[in-house]
Amino acid sequence: MKKVMCKEMGGACDTVITGNSFAEIGQNMRAHVMAMCNNGDAGHIILRERMQNATDEERAKFMVDAEKRFNALPDA
């Protein structure tokens, strides 16, 4: 199990996201961002729009960088 703050994975807040794998962290992060967007949080809405408007290359780079950050996290 690893723990990471939303903003450490490119997000907008200090909420702790947990998961046993990069895929699980990603799934939990997406759910968190969507919940915050549904609550009207401007920082998360900007993040969602940035990802929606990103090119395929920008998304791929983001995922590579995020996986590197995940792999560097200590086990909780």
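So, a few notes on the structure that sits alongside this text. (Residues numbered from 1 in each chain as written. Predicted model: local features only at pLDDT ≥ 70, side-chain atom pairs only at ≥ 80, totals over all residues. Heavy atoms only, no water.)

### Examining the nonpolar core
Consideration 1: Residues Val4, Met9, Ile25, Met29 and Phe70 are the most contacted members of the largest nonpolar core, which totals 14 residues.
Consideration 2: For this core, the secondary-structure elements that each account for two or more residues are helix 1 (22-38) and helix 3 (56-72).
Consideration 3: With 5 residues, helix 1 is the single largest residue contributor to this core.
Consideration 4: Residues contacting Met9, with those up to four places away along its chain left out, are Val4, Phe22, Ile25, Met29, Phe62, Ala66, Arg69 and Phe70. (Core = buried A, V, L, I, M, F, W, Y, C linked by side-chain atoms within 4.5 Å. Buried < 20%, exposed > 50% of the residue type's maximum accessible area, 1.4 Å probe, protein only. Helix = DSSP H or I, 4+ residues; strand = E, 2+ residues; numbered from the N terminus. Contact = heavy atoms within 4.5 Å.)

### Some thoughts on the environment of His32
Consideration 1: Mapped onto the elements of the fold, His32 is located in helix 1.
Consideration 2: Owing to a relative accessible area of 12%, His32 belongs among the buried residues under this scheme.
Consideration 3: Considered as a pair, His32 and Asp14 are 18 residues apart in the sequence and their alpha carbons are 12 Å apart.
Consideration 4: Leave out the neighbours within four places in its chain, and His32 touches Cys6, Cys13, Thr15, Ile17 and His44.

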